[in-house]
Amino acid sequence: MGDVMIDAGYFLRILARQNVNFYSCVSDPLLNEFFFTAADYSNEIIYQTACNDKAAIGIAIGSYLATGYIPAVYLKNSGLYTVVNPFYSTAKPEVYGIPLLLIVGWQNETDIEKSTSRNKYYQHDELRIGPIPLLQQLRIPYKILGECTEDWEKTIESLLTIAHNEFRPVALVVKKISFSTTKATSTNRKVIFNESVEKIK
């Protein structure tokens with residue numbers, strides 16, 4: 001099946017119908033359209049930038065404990081490696097059972113991309129691990145956006161049903177070309193950049 005192109009704004013609205021209105025994030029070039037579109041919907045959703053992936057998970061866990069609604073965390077596939085500890089110590093079903101929707105940007109999707117983008121994505125190549133093997137090892141249910149045989153909206157609904165019923169994180173792995181271009185205002189882009197810088201200080 002060919003890759004699916006999805007309008008980022010429509011994607012956010014579909015998640016909103018499932019009561020996913022809180023997002024914590026670490027910037028990822030592969031999720032730029034999703035990231036900037038979220039800024040355009042800042043009056044309808046809450047998004048919080050984080051200085052690193054573990055902080056993003058912690059923010060999302062706090063949101064769930066405060067509201068009872070499943071939050072979304074978007075991060076790079078290398079970020080999965082860094083969130084193993086908070087997953088095992090807090091979010092996994094056998095501990096506190098925190099339902100989360102992980103939206104993971106699939107860096108270095110192919111061997112060709114690895115060889116041609118080594119400088120840009122060197123940290124991902126060095127880890128020698130992609131999102132799928134690690135998700136399987138962590139026993140996190142996942143779907144790949146763009147390879148779903150069924151309707152992608154139903155795919156998201158089924159993942160969130162698992163998260164809600166089993167009190168566990170689930171993951172939506174996003175390919176490089178999954179989101180269509182949605183222009184965000186330059187003002188929003190500047191605000192996001194400034195917020196990210198403040199988090200690092």
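Residues numbered from 1 in each chain as written. Predicted model: local features only at pLDDT ≥ 70, side-chain atom pairs only at ≥ 80, totals over all residues. Heavy atoms only, no water.

**A few points about the overall build of the chain**
Part 1: Broken down by element type, the chain carries 10 helices and eight strands.
Part 2: The buried share among the 201 residues of the chain stands at 49%.
Part 3: Restricting the contact set of the chain to residue pairs at least 6 apart, pairs at least 24 apart contribute 79%.
Part 4: About 10100 Å² of surface is accessible on the chain, with carbon and sulfur atoms providing 51% of the total. (Helix = DSSP H or I, 4+ residues; strand = E, 2+ residues; numbered from the N terminus. Buried < 20%, exposed > 50% of the residue type's maximum accessible area, 1.4 Å probe, protein only. Contact = heavy atoms within 4.5 Å. Areas by Shrake-Rupley, 256 points an atom, 1.4 Å probe, with all protein chains shown as cover.)

**What about the sheet that holds strand S7 (residues 170-174)?**
Part 1: Pairing is parallel in the open sheet, where six strands are placed in the order S3-S2-S4-S5-S7-S6. Strands with a single pairing partner mark the edges of an open sheet, and in this sheet they are strand S3 (46-49) and strand S6 (142-145). Adjacent strand axes in the sheet meet at a mean angle of 20°, parallel and antiparallel pairs treated alike.
Part 2: Bridge count between S6 and S7: four bridges; the pairing is parallel. What sits directly across from Leu 145, in S7, is Val 174.
Part 3: In this fold helix H3 (residues 53-67) packs onto strand S2 (22-25), S3, strand S4 (72-76) and strand S5 (101-105), with an angle of close to 165° to the strand it touches most, S2. (Pairing = 2+ DSSP bridges. Axes fitted to C-alpha atoms, helices over the stretch in contact; angles between N-to-C directions.)

**Re the side chain of Asp 53**
Part 1: With respect to the secondary-structure elements, Asp 53 resides in helix H3.
Part 2: The exposure class of Asp 53 is buried, given its relative accessible area of 13%.
Part 3: Excluding its chain neighbours within four sequence positions, the residues that come into contact with Asp 53 are Val 26, Leu 75, Lys 76, Gly 79, Thr 82 and Val 83.

**Points about the packing of helix H1 (residues 8-17) against helix H9 (residues 152-166)**
Part 1: At a closest axis distance of 10 Å, the pairing of H1 and H9 adopts a crossing angle of 40°. Compared by their axis directions, H1 and H9 come out oblique. Judged by the sense of rotation from one axis to the other, the crossing of H1 with H9 is right-handed. When H1 is examined against H9, the residues Tyr 10, Phe 11, Ile 14 and Leu 15 are found in contact with a partner set consisting of Trp 152, Glu 153, Ile 156 and Leu 160.
Part 2: For the contact of H1 with H9, the class distribution of residues is seven nonpolar, no polar and one charged. (Parallel < 35°, antiparallel > 145°, perpendicular 65-115°, else oblique. Left-handed = near helix turned anticlockwise from the far one by under 90°. Nonpolar A, V, L, I, M, F, W, Y, C, P; charged D, E, K, R; others polar.)

**Description of the nonpolar core**
Part 1: Counting 33 residues, the largest nonpolar core has Phe 11, Leu 15, Tyr 23, Tyr 74, Leu 101, Ile 103 and Phe 179 as its most contacted members.
Part 2: Those elements giving two or more residues to this core turn out to be H1, S2, helix H2 (32-40), S4, S5, H9 and S7.
Part 3: Setting aside anything within four residues of it in sequence, one finds Tyr 23 in contact with Leu 12, Leu 15, Phe 34, Ile 45, Ile 46, Tyr 47, Gln 48, Ala 72 and Tyr 74.
Part 4: Within the second largest apolar cluster, 26 residues are counted, among which are Ala 50, Ala 91, Val 104 and Ala 171. (Core = buried A, V, L, I, M, F, W, Y, C linked by side-chain atoms within 4.5 Å.)

Purely geometric stuff here, so don't read any function into it on its own.
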